[in-house]
Amino acid sequence: MTSSLLKNLFDSHKESSLENRYIHLEHITPLIENLKMSFQVDVIGHSVLGKPIHVIKIGTGPKKILMWSQMHGNESTTTKAVFDICNVFNDGSNSIIKHILETCTMFLVPMLNPDGSKLYTRHNANNVDLNRDAKNLSQPESRVLRDLFQTFKPDYCFNLHGQRTIFGAGNTANSATLSFLSPAQDQACSITETRKIAMEVIAATNKVLQEQIPNQIGRYDDAYNDNCVGDTFQTLNCPTILFEAGHFVNDYQREITRFYMFQAILYSIYYISATRITGEGFEPYLNIPENFKNHFDVLIRKAKIIKPPKAQVVDVAIQYQEILKNNTIEFVPIVEKIGDLSTYFGHRELSADGFELVLENGLNITEGLEVEYVIINSVKYSIKPT
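First things first, this report covers the structure right here in the doc. Bear in mind that the values here come from a model prediction, so they are computed numbers and not experimental data. (Residues numbered from 1 in each chain as written. Predicted model: local features only at pLDDT ≥ 70, side-chain atom pairs only at ≥ 80, totals over all residues. Heavy atoms only, no water.)

**Looking at the overall build of the protein**
- A count of helical and extended segments in the protein gives 9 helices and 17 strands.
- Against the globule reference of 21 Å for 386 residues, the protein gives a C-alpha radius of gyration of 22 Å, in line with a compact fold.
- Referenced to the eigenvectors of the C-alpha coordinate spread, the extents of the protein come out at roughly 70 × 45 × 45 Å.
- Here the protein holds 386 residues, and the buried ones make up 57% of them.
- Once local pairs closer than 6 in sequence are excluded, the contacts in the protein between residues at least 24 apart make up 75%.
- For the protein, the exposed area adds up to about 16,200 Å²; of that, 48% sits on carbon and sulfur atoms.
- Averaged over its 36 positive side-chain charges, the protein has a centre that lies 1 Å from the centre of its 43 negative ones. (Helix = DSSP H or I, 4+ residues; strand = E, 2+ residues; numbered from the N terminus. Rg over C-alpha atoms; globule rule 2.2 N^0.38 Å. Buried < 20%, exposed > 50% of the residue type's maximum accessible area, 1.4 Å probe, protein only. Contact = heavy atoms within 4.5 Å. Areas by Shrake-Rupley, 256 points an atom, 1.4 Å probe, with all protein chains shown as cover. Lys, Arg positive; Asp, Glu negative; His and termini not counted. Charge placed at Lys NZ, Arg CZ, Asp CG, Glu CD.)

Structure (structure tokens):
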């Protein structure tokens, strides 16, 4: 499966009804209804607030893949990519896609946390992080996923998430547009046979994507946490892959990232379908740079600010808070950090060259302050995403 084919499949099957960051159950319900004409779709449980949790069964083959999206309600990019992929399988006219359908059976949960998705929060309606509930299974959504895992007995798990804009692919200026992880099975983060299998799939997928986004793919921290679902499933000897949708330059709606995530998921499925995976090809995974928390949304270099008892020349970092307002996600610029930030990078950078940083309202720049505009050397700059 080539990069060219992946691009063509995306262009011809992108689900046009899903866009931007705010995706909840009402958006995907019509799509699920349409998929019932081609695939088996079941309600496998309900959320805290009684919303249905669906699973879509695709394919008839012996290799079993379980994947779930929007475990965190404000991480919607993978959900968009999942429905793009459903459209590809619903078409099924390509010979490679036909082969996948014959060799794999996929159980796909498009939205595990419908309550959090509606509220655009990481947590569920009980304010619990479902990805820290693998041990206690205190929430209905957690139990739904575990029951499905135990019933389906998958050969592979895809844990689909989204990450903040703060990550670089290594300690570089390159944003981590995608990140992957083969979760640990123990505190020592031992490279077990199960982990090697997941690593091999990631390594193969990374190789294809590097052709398009070189040096923009990171490896997530593998510190072991037995409350995390991926770590738990890996511990149960099911090769599990964490997919993280990150930031591409100026892509705050994550539509470009969606394109690359579509390719990552679909190619990983293809690789499983076409390969006898032993784990022997795991080593290139270790060469993927680990994520670094080294980015801010906006970084203003060498700004003169009034900071009692005197004026100082410093760097000013601004981070966007994502706020749900009138069914739209607004990106609110908040001053995150002030000081020497020479080891950090900004997705957007402004150079003040020692000139005073002035606010329209006359306030002094302080951490935690909301800032929509700044004035540098008599030039007014909007700080919101373009």
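**Notes on the packing of aromatic side chains**
- Evaluation of the coordinates by the stated rule reveals 16 aromatic pairs.
- Ring geometry for F10 and F259: centres 5.1 Å apart, planes at 65 degrees, overall edge-to-face. Taken together, the residues span a long stretch of sequence, with F10 in helix α1 (residues 3-13) and F259 in helix α9 (residues 255-274) at a distance of 249 residues. Note on accessibility: F10 and F259 belong to one class, buried.
- Judged by centre distance (6.3 Å) and plane angle (70 degrees), the rings of Y320 and F331 are edge-to-face. Note that Y320 is positioned in strand β12 (residues 310-325) and F331 in strand β13 (residues 328-339), a separation of 11 residues in sequence. (Phe/Tyr/Trp six-rings, centres within 6.5 Å; stacked < 30°, edge-to-face > 60°.)

**Examining the sheet that holds strand β14 (residues 345-351)**
- An order of β13-β12-β11-β14 is seen for the 4 strands of this open sheet, with the pairing classed as mixed. Lying at the two open borders of the sheet, with one neighbouring strand each, are β13 and β14. Sheet twist, expressed as the average angle between the axes of neighbouring strands with direction ignored, equals 30 degrees.
- Strand direction decides the pairing type here: strand β11 (residues 295-307) and β12, joined by 8 bridges, are antiparallel. Across the sheet, residue L299 finds its bridge partner in β12, namely A317. (Pairing = 2+ DSSP bridges. Axes fitted to C-alpha atoms, helices over the stretch in contact; angles between N-to-C directions.)

**Thoughts on unusual backbone geometry**
- Located in the positive-phi region is N250, a residue other than glycine, with phi close to 60 degrees.
- Structurally, N250 can be placed in the loop between β9 (240-245) and α9.

**A word on the sheet that holds strand β17 (residues 379-382)**
- Pairing within the open sheet is antiparallel, and its 3 strands lie in the order β15-β16-β17. Here the strands that pair on one side only, and so sit at the sheet edges, are β15 (357-358) and β17.
- Note that β15 and strand β16 (residues 373-376) share 2 bridges and pair antiparallel. Bridge assignment links L357 to a residue of β16, and that residue is I376.

**Considering the environment of T386**
- When you line up the elements, T386 lands in the segment after β17.
- For T386, a relative accessible area of 82% gives the class exposed.
- As for T386 and S17, which are separated by 369 residues in sequence, their C-alpha atoms are 23 Å apart.

**Some details on the state of the cysteines**
- Scanning all chains against the criterion turns up 0 disulfides.
- This cysteine, C86, is not joined by any disulfide, and C104 carries the nearest cysteine sulfur, 14 Å off.
- Among the cysteines around C238, which has no disulfide bond, C157 carries the closest sulfur, lying 3.7 Å off.
- By relative accessible area, C238 is classed as buried at 3%. (Disulfide = S-S within 2.5 Å.)

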